[in-house]
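Secondary and tertiary structure notes
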Amino acid sequence: MDKIRTGLAAYGMSGRVFHAPFISTNPHFELTAVTERSKELSREKYPDACIVRSFGELIGLEGLDLVVINTPDSTHYEYARRALEAGKHVVVEKPFTTTVAEAEELVALAASRGLTLSVYQNRRWDGDFLTVKEILSKGLLGHLVEFESTFPRYRNFIKPNTWKETGQDGGGLIYNLGAHVIDQAVQLFGMPEAVFADIATLRKDSKVDDYFIIHLLRPSKAPEVKITLKSSYLMCASEPRFVLHGREGSYVKYGFDPQEAALTEGVGGGLKAPAMGSQAVIDAVAHRHRHAGHGVHALHVVGLGAIDALLVAFELSGFLGRELAGFQALFNAILLVGVALGFGGGV
């Protein structure tokens, strides 16, 4: 089988951490080209990949099969459209696009050209999320009644020199981290029947949303489960990453999956297949105890590693076809609620 010749649209933090290490490690892919406008930072680690100076030059390369769109969110629609029109398969980082209409147009374009179009959702492979899936699949908590997913952040200032703080389309916390927690919840419980969202700007002089709390109501796979998703840039005190409550017990997980930090520090070469499954991880790091007088078991996990997912190198699953646009519709419904509540960001 020929390798999939792949080009990166950018080599910033996303290209260095979330894409290049896995593309180069997976035997089914070849990192063929990297876009760097003026530097050659990729040369040291990936000397066999050619460096191009523009997105136009990238999609014009003969023999390139796949383009990864890992540029600022406001460019996703335009770059994905241009790549598809150039006959390339496309993987787009989350968020897919900033509107439903753009998403539907790209889905239709890819279908008309017989091309693959997918969204890169790397946090489907976080070790703690995989553990949550395992706990639910094995019914360790009994009948689940409540699910809470939180991305705590603390940055009480406006970070300079980043498009994520400028207020342009695609910036802000709900597009950045909200896309992850929404996707994970939909993976577990299906599309909701309705959505409630409170989206706000809390930091002084902020131009983007930096707080949200979302309730997904009556999800298709588990209509009785109460789902809460939240994040803020003003969460100085630690909160659990996941909290699950069932009729037979609870699961509480603190701390973040360590893969991103490890890759940021350059730990990525020579990745090997994981030696342990998620049940082994649960057995290794979790302990049960009985609450006095209640007969209820609880699982407490702190700093769970990503042993399950360390090598999942590159995933072309995402939301395909109508699911892509369907998820985008959900995302836009959440943003529309924010607008109705007085948040001034664009949809």
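Coordinates for the structure precede this section.
Residues numbered from 1 in each chain as written. Predicted model: local features only at pLDDT ≥ 70, side-chain atom pairs only at ≥ 80, totals over all residues. Heavy atoms only, no water.

**As for the overall build of the protein**
Heads up, the rule is: Put simply, DSSP marks the helices as runs of H or I at least four residues long and the strands as runs of E at least two long, and each gets a number from the N terminus on. Residue burial is assigned from relative accessible area. The probe radius is 1.4 Å, only protein chains are included, and a residue is buried under 20% of its type maximum, exposed over 50%, and partly exposed in between. Every residue pair with non-hydrogen atoms within 4.5 Å of one another is taken to be in contact. Throughout, the Shrake-Rupley method with a 1.4 Å probe supplies accessible areas, and for residues the shown protein chains are the sole cover considered.
A count of helical and extended segments in the protein gives 9 helices and 14 strands. Counting every position in the protein, which comprises 347 residues, the buried fraction comes to 51%. Counting only contacts in the protein whose residues sit at least 6 apart along the sequence, the fraction spanning at least 24 positions is 71%. Total accessible area on the protein is roughly 15800 Å²; 53% of this is exposed by carbon and sulfur atoms.

**A look at helix α6 (residues 173-189)**
An α-helix turns once every 3.6 residues. As a result, residues three or four positions apart point the same way. Our working definition: The span you would expect from a helix comes to 1.5 Å times its residue count less one.
Taking 1.5 Å per residue, 17 residues should reach 24 Å; α6 reaches 23 Å between its end C-alpha atoms and fits that length. Burial runs high along α6: 16 of the 17 residues are buried. One or two positions beyond α6, positive phi appears at G190, with a value near 90°.

**A word on the sheet that holds strand β2 (residues 29-35)**
Worth spelling out the cut-off: A pair of strands is considered paired only if DSSP assigns at least 2 bridges between the two. The angle between two axes is taken between their N-to-C directions and runs from 0 to 180 degrees, where each axis is a line fitted to C-alpha atoms and a helix contributes only its stretch in contact.
Pairing within the open sheet is parallel, and its 6 strands lie in the order β3-β2-β1-β4-β5-β6. With one partner strand each, in any of the chains shown, β3 (50-52) and β6 (117-120) form the two edges of the open sheet. Across the sheet, the axes of successive neighbouring strands diverge by a mean angle of 25°, strand direction being ignored. One ladder, built from 3 bridges, connects strand β1 (residues 4-8) with strand β4 (residues 66-69); its direction is parallel. Along β4, the bridge assignment pairs G7 with V67. Across the sheet, helix α3 (residues 76-85) touches β4, β5 (89-93) and β6, and the angle it forms with β5 is around 170°.

**A short note on the side chain of R155**
Relative to the elements of secondary structure, R155 occurs in the loop between β7 (144-152) and α6. Not counting residues up to four positions away in its chain, the partners in contact with R155 are E165, R203, Y233 and L234.

**Observations regarding helix α1 (residues 13-25)**
If you check α1, its first and last C-alpha atoms are 18 Å apart, about what 13 residues at 1.5 Å a residue would give, namely 18 Å. Every buried residue belonging to α1 is among S14, G15, V17, F18, H19, A20, P21, F22 and I23, and all of these are buried. If you follow the buried residues of α1, they end up packed against β1, β2, β4, β5, β6 and α7 (259-264).

**Re the pairing of strand β11 (residues 242-246)**
The buried fraction of β11 amounts to 4 of the 5 residues, a majority that puts the element mostly inside the structure. As judged from the 5 bridges shared by β7 and β11, these two strands associate in the antiparallel manner. Across the sheet, F147 pairs through a bridge with L244, a residue of β11. Where β11 hands over to strand β12 (residues 249-254), the hairpin turn is made up of 2 residues, counted between the paired strands.

**A short note on the environment of F242**
Along the chain, F242 falls in strand β11. Among all residues touching F242, those that are not within four sequence positions of it are D128, F129, V132, F147, E148, S149, Q184, Y251, V252 and K253.

**A word on the pattern of salt bridges**
For the record, the criterion: The term salt bridge refers to a side-chain nitrogen of Lys or Arg lying within 4 Å of a carboxyl oxygen of Asp or Glu.
Scanning the entire structure with this criterion turns up 14 salt bridges. One salt bridge in this structure joins D126 and R123, with 2.9 Å as the shortest N-O distance. Exposure remark for D126: the relative accessible area of 5% places this residue in the buried category. One salt bridge in this structure joins R203 and D210, with 2.8 Å as the shortest N-O distance. Of the residues examined, R203 reaches a relative accessible area of 5% and is grouped as buried. Looking at D210, the relative accessible area reads 1%, which means it is buried. When salt bridges that share partners are traced, they join E40, R43 and R53 into one network.

**Considerations on a nonpolar patch on the surface**
Selection rule: Patch criteria: residues need more than 30% relative accessible area and no salt bridge. Like-charged residues are merged within 9 Å; nonpolar side chains of Val, Leu, Ile, Met, Phe, Trp and Tyr are merged within 5 Å.
A cluster of nonpolar side chains, namely Y154, L202 and L234, defines an oily patch on the protein surface of about 290 Å² accessible area. Inspection of the secondary structure puts L202 in the loop between β8 (194-200) and β9 (211-217). For L202, a relative accessible area of 46% puts it in the partly exposed group.

**Thoughts on unusual backbone geometry**
For the peptide bond that leads from K94 to P95, omega is -10°, which places it in the cis range. Relative to the elements of secondary structure, P95 occurs in the loop between β5 and α4 (100-113). One non-glycine residue with positive phi stands out, namely D205, at about 70°. In this fold, D205 is placed in the loop between β8 and β9. Its identity is not glycine, yet R218 carries a phi of approximately 50°, on the positive side. Looking at the secondary structure, you find R218 in the loop between β9 and β10 (226-232). A residue is classified by how much of its surface remains accessible, and R218, at 41% relative accessible area, is partly exposed.

**With respect to the nonpolar core**
Put simply, the test is: Nonpolar cores are built from buried Ala, Val, Leu, Ile, Met, Phe, Trp, Tyr and Cys residues. Side-chain atoms within 4.5 Å join them into one set.
Formed by 30 residues in total, the largest nonpolar core has its most connected members in F147, F189, I214, I227, L229 and L244. Going through the elements one at a time, α5 (127-137), β7, α6, β8, β9, β10 and β11 are the ones with two or more residues in this core. The element best represented in this core is α6, accounting for 10 residues. For L244, the contacting residues outside a window of four places in its chain are V132, L136, L141, L144, E146, F147, G249, S250 and Y251. In this structure, V52, F55, L64 and V90 belong to the second largest nonpolar core, which totals 25 residues.

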